[in-house]
Amino acid sequence: MDYQKLAREVLEANLDLPRMNLVVFTWGNVSACDREQDLLVIKPSGVPYDQLKQEDLVVLSLSDGRILAGKLNPSSDTPTHLYLYQQFPQLGGIVHTHSRWATSWAQSCRDLPAYGTTHADTFYGPVPATRKLSQAEIADAYELNTGKVIAETLRERRLDPLAVPAVLVSGHGPFTWGKTAAEAVHTAVVLEECCMMALHTELINPQVQPIEDYLLDKHYQRKHGKSAYYGQKT
Ligand SMILES: [Zn+2]
(Lines give C-alpha, C1' and ligand atoms only; values in the text may rest on other atoms or scores of the structure.)
Protein backbone atom coordinates (compact mmCIF):
# COMPACT_ATOMS: atom_id res chain seq x y z
CA MET A 1 0.00 0.00 0.00
CA ASP A 2 1.64 3.20 -1.19
CA TYR A 3 -0.39 6.27 -0.32
CA GLN A 4 2.22 8.95 0.43
CA LYS A 5 1.69 10.84 -2.83
CA LEU A 6 -2.09 10.76 -2.40
CA ALA A 7 -1.71 11.86 1.24
CA ARG A 8 0.44 14.84 0.17
CA GLU A 9 -2.26 15.87 -2.33
CA VAL A 10 -4.99 15.54 0.32
CA LEU A 11 -2.95 17.54 2.86
CA GLU A 12 -2.34 20.37 0.35
CA ALA A 13 -5.99 20.38 -0.72
CA ASN A 14 -7.14 20.60 2.92
CA LEU A 15 -4.70 23.43 3.64
CA ASP A 16 -6.02 25.25 0.56
CA LEU A 17 -9.48 25.58 2.20
CA PRO A 18 -8.43 28.22 4.78
CA ARG A 19 -6.02 29.78 2.23
CA MET A 20 -8.96 30.29 -0.14
CA ASN A 21 -11.20 31.61 2.66
CA LEU A 22 -13.57 28.68 2.36
CA VAL A 23 -13.47 27.60 6.01
CA VAL A 24 -13.30 28.89 9.56
CA PHE A 25 -12.42 26.61 12.49
CA THR A 26 -12.65 23.00 11.28
CA TRP A 27 -15.71 23.48 9.04
CA GLY A 28 -14.58 21.53 6.03
CA ASN A 29 -12.86 18.44 4.74
CA VAL A 30 -11.21 17.10 1.60
CA SER A 31 -10.66 13.50 0.54
CA ALA A 32 -9.16 11.76 -2.47
CA CYS A 33 -9.18 8.15 -3.62
CA ASP A 34 -6.91 5.71 -5.44
CA ARG A 35 -9.18 3.20 -7.14
CA GLU A 36 -6.39 0.83 -8.22
CA GLN A 37 -5.28 0.39 -4.63
CA ASP A 38 -8.85 0.67 -3.23
CA LEU A 39 -7.83 3.54 -0.89
CA LEU A 40 -9.48 6.67 0.41
CA VAL A 41 -7.44 9.35 2.24
CA ILE A 42 -9.37 11.92 4.28
CA LYS A 43 -8.86 14.64 6.89
CA PRO A 44 -9.13 13.53 10.53
CA SER A 45 -12.11 14.74 12.56
CA GLY A 46 -11.84 18.04 14.45
CA VAL A 47 -8.14 18.82 13.85
CA PRO A 48 -7.52 22.57 13.24
CA TYR A 49 -6.00 23.35 9.84
CA ASP A 50 -2.98 25.14 11.31
CA GLN A 51 -2.02 21.95 13.16
CA LEU A 52 -2.83 19.46 10.41
CA LYS A 53 0.08 17.21 9.35
CA GLN A 54 0.32 14.52 6.70
CA GLU A 55 0.59 11.75 9.31
CA ASP A 56 -2.75 12.89 10.82
CA LEU A 57 -4.64 11.91 7.66
CA VAL A 58 -6.68 8.72 7.78
CA VAL A 59 -6.48 5.98 5.14
CA LEU A 60 -9.52 3.76 4.61
CA SER A 61 -10.58 0.98 2.29
CA LEU A 62 -12.67 2.52 -0.50
CA SER A 63 -14.83 -0.58 -0.85
CA ASP A 64 -15.74 -1.27 2.80
CA GLY A 65 -14.61 1.76 4.85
CA ARG A 66 -12.18 -0.17 7.10
CA ILE A 67 -9.42 2.04 8.57
CA LEU A 68 -6.08 0.93 7.12
CA ALA A 69 -3.71 3.59 8.50
CA GLY A 70 -3.77 6.62 10.81
CA LYS A 71 -4.14 7.07 14.56
CA LEU A 72 -6.96 9.62 14.52
CA ASN A 73 -10.66 9.25 13.77
CA PRO A 74 -11.57 10.16 10.18
CA SER A 75 -13.80 13.15 9.42
CA SER A 76 -17.36 12.58 10.63
CA ASP A 77 -18.44 13.14 7.00
CA THR A 78 -16.46 10.10 5.80
CA PRO A 79 -19.60 7.99 5.08
CA THR A 80 -20.82 10.72 2.69
CA HIS A 81 -17.50 10.76 0.83
CA LEU A 82 -17.29 6.93 0.69
CA TYR A 83 -20.81 6.58 -0.69
CA LEU A 84 -20.22 9.15 -3.44
CA TYR A 85 -16.96 7.48 -4.55
CA GLN A 86 -18.70 4.10 -4.59
CA GLN A 87 -21.64 5.42 -6.65
CA PHE A 88 -19.72 7.59 -9.12
CA PRO A 89 -16.51 6.01 -10.49
CA GLN A 90 -15.59 9.31 -12.22
CA LEU A 91 -14.79 10.95 -8.87
CA GLY A 92 -11.21 11.18 -7.55
CA GLY A 93 -11.53 14.02 -5.00
CA ILE A 94 -14.35 15.48 -2.88
CA VAL A 95 -14.60 18.73 -0.87
CA HIS A 96 -17.18 19.69 1.73
CA THR A 97 -17.21 23.12 3.38
CA HIS A 98 -19.56 25.53 5.10
CA SER A 99 -18.28 28.43 3.00
CA ARG A 100 -20.45 31.53 3.44
CA TRP A 101 -22.05 32.13 0.08
CA ALA A 102 -22.57 28.53 -1.01
CA THR A 103 -23.97 27.66 2.43
CA SER A 104 -26.34 30.64 2.19
CA TRP A 105 -27.74 29.15 -1.04
CA ALA A 106 -27.88 25.66 0.49
CA GLN A 107 -29.76 27.05 3.49
CA SER A 108 -32.28 28.70 1.19
CA CYS A 109 -32.89 25.26 -0.42
CA ARG A 110 -32.68 26.68 -3.95
CA ASP A 111 -30.78 25.58 -7.04
CA LEU A 112 -28.04 28.00 -8.04
CA PRO A 113 -29.14 29.34 -11.45
CA ALA A 114 -26.61 29.86 -14.22
CA TYR A 115 -26.69 33.66 -14.40
CA GLY A 116 -23.49 34.16 -16.36
CA THR A 117 -20.43 32.78 -18.06
CA THR A 118 -18.43 32.55 -14.81
CA HIS A 119 -20.92 29.86 -13.84
CA ALA A 120 -21.09 28.27 -17.31
CA ASP A 121 -17.31 27.87 -17.55
CA THR A 122 -17.48 25.27 -14.74
CA PHE A 123 -21.10 24.14 -14.33
CA TYR A 124 -23.10 22.95 -17.33
CA GLY A 125 -26.44 24.18 -15.94
CA PRO A 126 -27.82 25.04 -12.51
CA VAL A 127 -26.13 23.59 -9.43
CA PRO A 128 -28.90 21.51 -7.85
CA ALA A 129 -30.16 21.78 -4.29
CA THR A 130 -31.11 18.41 -2.79
CA ARG A 131 -34.42 17.67 -1.14
CA LYS A 132 -34.37 17.97 2.66
CA LEU A 133 -33.52 14.84 4.60
CA SER A 134 -36.38 13.30 6.58
CA GLN A 135 -36.35 13.01 10.36
CA ALA A 136 -35.65 9.26 10.06
CA GLU A 137 -32.76 9.88 7.62
CA ILE A 138 -31.25 12.34 10.10
CA ALA A 139 -31.78 10.16 13.18
CA ASP A 140 -29.96 7.13 11.80
CA ALA A 141 -26.93 6.93 9.44
CA TYR A 142 -27.17 10.68 8.83
CA GLU A 143 -23.85 11.06 6.95
CA LEU A 144 -24.54 8.03 4.75
CA ASN A 145 -28.03 9.37 4.01
CA THR A 146 -26.49 12.71 3.05
CA GLY A 147 -24.48 10.83 0.40
CA LYS A 148 -27.63 9.02 -0.71
CA VAL A 149 -29.65 12.22 -1.14
CA ILE A 150 -26.81 13.73 -3.20
CA ALA A 151 -26.70 10.65 -5.46
CA GLU A 152 -30.51 10.67 -5.73
CA THR A 153 -30.42 14.34 -6.80
CA LEU A 154 -27.80 13.70 -9.51
CA ARG A 155 -29.69 10.66 -10.85
CA GLU A 156 -33.13 12.29 -10.81
CA ARG A 157 -31.80 15.25 -12.75
CA ARG A 158 -29.78 12.98 -15.06
CA LEU A 159 -26.59 14.93 -14.36
CA ASP A 160 -23.10 13.88 -15.36
CA PRO A 161 -21.22 14.50 -12.08
CA LEU A 162 -18.20 15.89 -13.92
CA ALA A 163 -20.37 18.30 -15.99
CA VAL A 164 -22.09 19.67 -12.86
CA PRO A 165 -19.41 18.94 -10.23
CA ALA A 166 -21.25 20.31 -7.18
CA VAL A 167 -24.41 20.06 -5.15
CA LEU A 168 -26.07 22.16 -2.44
CA VAL A 169 -27.37 19.97 0.38
CA SER A 170 -30.52 21.78 1.54
CA GLY A 171 -30.25 23.20 5.04
CA HIS A 172 -26.58 22.20 5.20
CA GLY A 173 -23.93 23.23 2.67
CA PRO A 174 -22.01 22.54 -0.53
CA PHE A 175 -20.17 19.43 -1.73
CA THR A 176 -17.91 19.68 -4.80
CA TRP A 177 -15.81 17.07 -6.58
CA GLY A 178 -13.48 16.39 -9.47
CA LYS A 179 -10.99 13.92 -10.86
CA THR A 180 -8.52 15.00 -8.14
CA ALA A 181 -8.66 16.69 -4.73
CA ALA A 182 -7.10 19.84 -6.26
CA GLU A 183 -9.83 19.98 -8.92
CA ALA A 184 -12.51 19.61 -6.25
CA VAL A 185 -10.99 22.54 -4.28
CA HIS A 186 -10.86 24.67 -7.45
CA THR A 187 -14.55 23.94 -8.06
CA ALA A 188 -15.37 24.82 -4.42
CA VAL A 189 -13.79 28.25 -4.95
CA VAL A 190 -15.67 28.77 -8.25
CA LEU A 191 -18.95 27.72 -6.61
CA GLU A 192 -18.38 30.16 -3.76
CA GLU A 193 -17.78 33.03 -6.22
CA CYS A 194 -20.82 32.06 -8.33
CA CYS A 195 -23.08 31.92 -5.23
CA MET A 196 -21.91 35.37 -4.13
CA MET A 197 -22.43 36.80 -7.63
CA ALA A 198 -25.85 35.17 -8.06
CA LEU A 199 -27.18 36.68 -4.84
CA HIS A 200 -26.05 40.13 -5.93
CA THR A 201 -27.40 39.59 -9.44
CA GLU A 202 -30.85 38.92 -7.95
CA LEU A 203 -30.55 41.95 -5.66
CA ILE A 204 -29.71 44.22 -8.59
CA ASN A 205 -32.37 42.69 -10.85
CA PRO A 206 -35.02 40.60 -9.05
CA GLN A 207 -36.50 39.62 -12.46
CA VAL A 208 -33.23 38.28 -13.86
CA GLN A 209 -33.39 35.01 -15.84
CA PRO A 210 -30.66 32.39 -16.32
CA ILE A 211 -28.46 32.87 -19.39
CA GLU A 212 -29.67 31.38 -22.65
CA ASP A 213 -28.76 27.76 -23.47
CA TYR A 214 -26.65 28.87 -26.45
CA LEU A 215 -24.43 31.02 -24.19
CA LEU A 216 -24.25 28.27 -21.55
CA ASP A 217 -23.28 25.74 -24.28
CA LYS A 218 -20.69 28.07 -25.79
CA HIS A 219 -18.87 28.69 -22.51
CA TYR A 220 -19.04 25.17 -21.18
CA GLN A 221 -17.97 23.58 -24.49
CA ARG A 222 -15.08 25.95 -25.17
CA LYS A 223 -13.44 24.70 -21.96
CA HIS A 224 -14.71 21.13 -21.68
CA GLY A 225 -16.12 19.86 -24.98
CA LYS A 226 -14.41 17.71 -27.62
CA SER A 227 -13.45 20.88 -29.49
CA ALA A 228 -12.39 22.88 -26.41
CA TYR A 229 -10.11 25.75 -27.37
CA TYR A 230 -9.69 27.77 -24.13
CA GLY A 231 -6.10 28.03 -22.82
CA GLN A 232 -2.89 26.78 -24.41
CA LYS A 233 -2.35 23.60 -26.43
CA THR A 234 -0.16 21.18 -24.48
ZN1 LIG B 1 -21.17 19.94 6.96
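It should be noted that the structure appears before, not after, this text.
All values reported here derive from a predicted model rather than from experimental measurement.

Peer 1: Break down helix α3 (residues 100–107) for me, citing the residues and quoting the values.
Peer 2: Every α-helix winds through 3.6 residues per turn, so residues three or four apart in the chain are directed the same way. What α3 keeps buried is the set Trp101, Ala102, Thr103, Trp105 and Ala106. Contact partners of the buried residues in α3: β6 (166–169), β7 (173–178) and α7 (181–204).

Peer 1: For the pairing of β7, give the residues involved together with the corresponding values.
Peer 2: Of all six residues in β7, six are buried; the element is thus mostly enclosed. Inspection of the sheet shows strand β5 (residues 93–97) paired to β7 by four bridges, in the antiparallel sense. Bridge pairing in β7 links glycine 93 to glycine 178. Joining the antiparallel neighbours β6 and β7 is a turn of three residues, in which glycine 171 adopts a positive phi near 75°.

Peer 1: Mind laying out unusual backbone geometry, listing which residues take part and the relevant values?
Peer 2: Of note, aspartate 38 is a non-glycine position whose phi angle comes to about 60°, a positive value. For aspartate 38, the location among the structural elements is in the loop between β1 (28–34) and β2 (39–42). Phi is positive for arginine 158, close to 55°, though the residue is something other than glycine. Among the structural elements, arginine 158 can be located in the loop between α6 (142–156) and β6. Note on arginine 158: 6 C-beta atoms within 10 Å, which makes it exposed.

Peer 1: Any details on helix α2 (residues 78–87)? Residues and values, ideally.
Peer 2: Within the span of α2, buried status applies to Thr78, Thr80, His81, Leu82, Leu84 and Tyr85. Of the surrounding elements, those touching the buried residues of α2 are β1, β2, β3 (58–61), β5, α6 and β7.

Rules and cut-offs
Residues numbered from 1 in each chain as written. Predicted model: local features only at pLDDT ≥ 70, side-chain atom pairs only at ≥ 80, totals over all residues. Buried ≥ 20, exposed ≤ 12 C-beta atoms within 10 Å, placed from the backbone. Helix = DSSP H or I, 4+ residues; strand = E, 2+ residues; numbered from the N terminus. Contact = placed C-beta atoms within 7 Å. Pairing = 2+ DSSP bridges.

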